[in-house]
Each structure stands twice: as structure tokens, then as C-alpha cells.
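Overview (structure and organization)
Given next are the chains, with one letter for each unit.
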Amino acid sequence: MFSGEYELKLDDKGRPVAAELKSDGKPVQIGGTEKMSKSKNNGIDPQAIIDQYGADTARLFTMFASPPEQTLEWSGAGVEGAQRFLRRVWTFAHAKSALIDASAAIPSELNADLKTLRREIHKVLQQADNDYRRLQYNTVVSACMKMLNLLEGASFGDGADSRAVVSECFSIFLRVLYPVAPHITHALWEALGYAKRYGDILDAPWPAVDNSALEQAEIELVIQVNGKLRGSITVPKTADKASIEAAALANEQVQKHLTGAPKKIIVV
């Protein structure tokens, strides 16, 4: 039952205490929160969601709310959240449309910020790829949300490098989101010119993880002293055991928790 069909009465703390149908004034029993299921006859007709919010919102919410093999807990706020996410997608696409050039190629050298963005997008793509294979659609939607957060948080200039990276990353995002929200992604794919390079999004190749984008010049290592986390260090990925040990011993937090020379050092 939807909020437009009944009138809810609240106490002084805003908690529901009674409800009645608007059509005939008959009381409505207020129940607790429970999972939707066919046996309980408490399902929600998706057509009502589609009519109010659109098919993409309905699909996004149902796929994000619960893994496919489980029943899902209905949430009006969840549906509205799904719609807000799709509005963010639309807003970002139109805000960056002047930068997006589907024919742009990734140059061999990028600045640190653009390298980091590409690495993070391809890491999330790797996750989403695995989740699709395992039919874990709720975590696929999570991956799409991570990608959009990364794109919205990135700083893009007007140069060719920025154009190439935003174009590649958003094309990956649209293809990952497409099975979940096919209508908005199809419209944006066409509007931004990707169809001219890759063809219709339905037939476009699935984005491949670029292993070179995942490479890092430096890696972060956590430090434990007597089994307790005491900090972290960043070292070149080619660092040998001796240099890692030296960097760890020089760490200020490690020094605080050492009472003398360590008896044993383990580098993993």
C-alpha cells in the first residue's frame, strides 16, 4: 500500500500510532517491518514504481536492495535513493559532455591524479566483472556507485589528457550500469557520441580491465608491532627487504612502541 492511499496519524514523537484509508475511512492495521514474499501476500506491484519513478529506478532499487536469491525488504526511501543516483548520473554526463570525446585515446603518460583515477576505475571494473559472473547484482550496483563517486570527485582540466581519461572512464561506467539501468545509459551513450565508436551500447564490447592501469609505482604496507597495527609506510614497488625494514624502523609510530632493537622482523 502506498502513502497516497491512507492517512497516517503520529504521536508527539513522530511515531505512527494509527492509520485509515482515505477512500472509506476504515482503519488500516500497522505492522512491523518484514521481508516481502509471495506467501505473506505483501508484495509491491513494480508497475506503481515504474509509473512514478521510471523503469530504471525500479530495476536499480530491486537489484541493489537484495541478492537475487533472497527476499528483499521494501523501502520507499530506497526507491527515492535509486532515483537520486540516476539523476546524479544524468547531471554528471551533461556537465562533462563538452569534455567527452569517444575517439580520444589514452596517452602513454598521465599526471598522478589522472593515473589514480584510471587505476581506481579499473579496480572497481575488476570487482564488477567478478560480481556479474557470480550474479551478485547488489554489489554490481555498489560498484557503479563507487565509480560515480570517483568521477564526481575527480578534477578534470581542459587538456587532451583529461578528455581522454574522462571519456574512457565514463564509457566503462555506462557499460557496467547498462544491464541495471538500460534506458538512461542507452540515451547517454547515444548523446555523448560513444555509439559512433563502439556501436549501440547493447552490442558494444564489454570493457576490459587494463592491467597496466592497475600498476602502481609505490605500494602501502601496514606495520604491526607485537601483533598490533601501529601505522603504515609507502615504499617503491621495487623496494627490497632491507629498505622496507629500514623504512619501517624509522617510522615515528613504530619508534614509540619499541623498547629496544626488535628481536624479529617479518616482511610480507
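In the block above lies the structure referred to throughout.
Report on the accompanying structure. Within each chain, residue numbers correspond to sequence positions counted from 1 in written order. The model is predicted, so local features are restricted to residues of pLDDT at least 70 and side-chain atom pairs to those at 80 or more, both for listing and for counting; the totals for chains, interfaces and linings are taken over all residues. Each side-chain value is derived from all of the structure's non-hydrogen atoms; neither hydrogens nor water enter the calculation.

Let's talk about the overall build of the protein
Using the following cut-off: Numbering goes from the N terminus for both helices and strands, where a helix is a DSSP run of H or I of at least four residues and a strand is a run of E of at least two. Burial status follows relative accessibility: with a 1.4 Å probe on protein chains alone, a residue under 20% of its type maximum counts as buried, one over 50% as exposed, and anything between as partly exposed. We call two residues in contact when some of their heavy atoms are within 4.5 Å. Using a 1.4 Å probe, accessible areas were evaluated by the Shrake-Rupley method; residue-level cover was limited to the displayed protein chains.
A tally of helices and strands in the protein yields 11 helices and four strands. Considering the protein as a whole, with its 268 residues, one finds that 33% of them fall into the buried category. Long-range contacts, defined as pairs at least 24 residues apart, comprise 57% of the intrachain contacts of the protein with a sequence gap of at least 6. Surface exposure of the protein reaches about 16,200 Å², of which carbon and sulfur atoms provide 50%.

Description of the packing of helix α2 (residues 55–65) against helix α7 (residues 182–191)
Rules: The angle between two axes is taken between their N-to-C directions and runs from 0 to 180 degrees, where each axis is a line fitted to C-alpha atoms and a helix contributes only its stretch in contact. Oblique is the label for every angle not falling under 35 degrees (roughly parallel), over 145 degrees (roughly antiparallel), or within 65 to 115 degrees (roughly perpendicular). Only Asp, Glu, Lys and Arg are considered charged in this grouping, and only Ala, Val, Leu, Ile, Met, Phe, Trp, Tyr, Cys and Pro are considered nonpolar; every other residue, Gly among them, is considered polar.
Where α2 meets α7, the closest approach of the two axes is 7 Å, and the angle between their N-to-C directions is 120 degrees. With respect to their mutual orientation, α2 and α7 come out oblique. Two secondary-structure elements touch here, α2 through Ala-55, Asp-56 and Arg-59 and α7 through Pro-182, His-183 and Ile-184. Looking at the contact of α2 with α7 residue by residue, the class counts come to three nonpolar, one polar and two charged.

Observations regarding the environment of Cys-169
Within the secondary structure, Cys-169 is located in helix α6 (residues 160–177). Given a relative accessible area of 0%, Cys-169 falls into the buried group. Along the sequence, Cys-169 and Met-147 sit 22 residues apart, while their C-alpha atoms lie 8.4 Å from each other. Residue contacts for Cys-169: discarding those within four places in its chain leaves Leu-117, Arg-118, Ile-121 and Leu-151.

Points about α2
Taken as a whole, α2 has its buried residues at Asp-56, Thr-57, Ala-58, Leu-60, Phe-61 and Met-63. The inward-facing, buried residues of α2 abut α1 (46–53), α3 (76–95), α5 (137–153), α6 and α7.

Here's the deal with the nonpolar core
Threshold: Joining through side-chain atoms within 4.5 Å is the link that ties buried Ala, Val, Leu, Ile, Met, Phe, Trp, Tyr and Cys residues into a set, and such a set is a nonpolar core.
Membership of the largest hydrophobic core comes to 52 residues, with the highest contact counts inside it found for Phe-85, Val-89, Phe-170, Phe-173, Val-176 and Leu-177. Counting residues per element, the ones that place at least two in this core are α1, α2, α3, α4 (112–133), α5, α6, α7 and α8 (194–198). Of the residues forming this core, the biggest block, nine residues, is contributed by α6. Phe-173 has contacts with Phe-85, Val-89, Cys-144, Met-147, Leu-148 and Leu-151, leaving out every residue within four places of it along the chain.

Some remarks on unusual backbone geometry
At Leu-135, a residue that is not glycine, the phi angle is positive and equals roughly 60 degrees. Counting through the fold element by element, Leu-135 comes out in the loop between α4 and α5.

Details of the pattern of salt bridges
Think of it this way: side chains of opposite charge can pair up when their charged atoms draw near. Selection rule: Salt bridges are identified by distance alone: a Lys or Arg side-chain nitrogen within 4 Å of an Asp or Glu carboxyl oxygen.
Taken as a whole, this structure holds six salt bridges when the rule is applied. Salt-bridge contacts for Glu-152 lead to Arg-88; the nearest nitrogen and oxygen are separated by 2.6 Å. Of this pair, Glu-152 sits in helix α5 while Arg-88 is found in helix α3, placing the two residues 64 residues apart along the sequence. For Glu-152, a relative accessible area of 36% puts it in the partly exposed group. Note that Asp-210 and Arg-118 form a salt bridge whose closest N and O atoms lie 3.0 Å from each other. Separated by 92 residues along the polypeptide, Asp-210 in the loop between α8 and α9 (211–214) and Arg-118 in helix α4 bring together distant segments of the chain. You can call Asp-210 partly exposed: its relative accessible area is 25%. One salt-bridge network, held together by shared partners, links Arg-118, Glu-168 and Asp-210.

What about the packing of aromatic side chains?
Here is the rule we go by: Between 30 and 60 degrees the pair is tilted, below 30 it is stacked and above 60 it is edge-to-face, where a pair is any two Phe, Tyr or Trp rings, Trp via its six-membered ring, whose centres lie within 6.5 Å. Only lysine NZ and arginine CZ atoms are considered, and such an atom sits over a ring when it is within 6 Å of the ring centre and within 35 degrees of the ring normal.
Per the stated rule, a full pass over the model turns up seven aromatic pairs. The rings of Phe-92, Phe-170 and Phe-173 are connected pair by pair, giving a single aromatic cluster. We note Arg-175 situated over the ring of Tyr-198; from NZ or CZ to the ring centre the distance is 4.8 Å.

Brief notes about the environment of Asn-138
Following the sequence through the fold, Asn-138 ends up in helix α5. Sequence separation between Asn-138 and Ala-65 is 73 residues, and the spatial gap between their C-alpha atoms is 6.5 Å.

Quick notes on the side chain of Arg-119
So the rule is basically this: In this tally, Asp and Glu contribute negative charge and Lys and Arg positive charge; neither His nor the terminal groups of the chain are included.
Take Arg-119: it is sitting in helix α4. For the buried residue Arg-119, which engages in no salt bridge, the nearest side chain bearing the opposite charge is Glu-120, 4.1 Å off. Ignoring sequence-local partners within four residues, the contact set of Arg-119 consists of Ala-213, Leu-214, Glu-215 and Gln-216.

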